[in-house]
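Coordinate analysis (summary)
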Amino acid sequence: MNRSRANDERILVVRNDRLGDLVLTLPALEAIRRQWPRAHVSLLVSRYAAPLLAGCTLIHELIEDDPKHTGRQLATR
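On a predicted model such as this, the values are computed, not experimentally measured, just so you know. (Residues numbered from 1 in each chain as written. Predicted model: local features only at pLDDT ≥ 70, side-chain atom pairs only at ≥ 80, totals over all residues. Heavy atoms only, no water.)

Some words on the side chain of S46
Of note, S46 is situated in strand β2 (residues 40–46). Setting aside anything within four residues of it in sequence, one finds S46 in contact with R15, N16, D17 and D65. (Helix = DSSP H or I, 4+ residues; strand = E, 2+ residues; numbered from the N terminus. Contact = heavy atoms within 4.5 Å.)

A word on helix α1 (residues 19–35)
End to end, α1 covers 25 Å across 17 residues, agreeing with the expected 24 Å (1.5 Å per residue, within 8%). For α1, the principal kink sits at L26 and spans about 30°; a proline, P27, occurs within the next four residues. If you check which residues of α1 are buried, you get L22, T25, L29, I32 and R33. Considering only its buried residues, α1 is in contact with β1 (10–15) and β2. (Expected span 1.5 Å × (residues − 1). Bend = angle between axes of the 7 residues up to and from the residue. Buried < 20%, exposed > 50% of the residue type's maximum accessible area, 1.4 Å probe, protein only.)

Some thoughts on the nonpolar core
Of all hydrophobic cores here, the largest spans 13 residues; its most connected members are L22, L29, L43, V45, L53, I59 and L62. Secondary structure elements with two or more residues in this core: α1 and β2. If we skip the residues at most four places from it in the chain, L22 touches R15, L43, V45, A49, L52 and L53. (Core = buried A, V, L, I, M, F, W, Y, C linked by side-chain atoms within 4.5 Å.)

Some remarks on the pattern of salt bridges
In total, this model carries two salt bridges according to the counting rule given. In this structure, R47 engages E64 in a salt bridge whose closest nitrogen and oxygen atoms are separated by 2.4 Å. Linking R47 in the loop between β2 and β3 (61–65) with E64 in strand β3, this pair joins segments that are 17 residues apart in sequence. By relative accessible area, R47 is classed as partly exposed at 40%. Judged by its relative accessible area of 6%, E64 is buried. (Salt bridge = Lys/Arg side-chain N within 4 Å of Asp/Glu carboxyl O.)

Purely geometric numbers; function is a separate question.
This is how it looks when you write it as structure tokens:
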């Protein structure tokens, strides 16, 4: 990976299933932040799991997926 473009890197972590699986993903988010400290990190989670990550400093963007909503619209915070 070209380190000279580190500030242009964008990472999307997808964890839109269960709460326990999301919690188990937190160490991976920490490792991502250590490896790519200047990358923009987004996390796709289920709507009911999103409140768990309110104020999480490991991510820049939280994207909520609501599969019960027709059209599967995504909301970003």
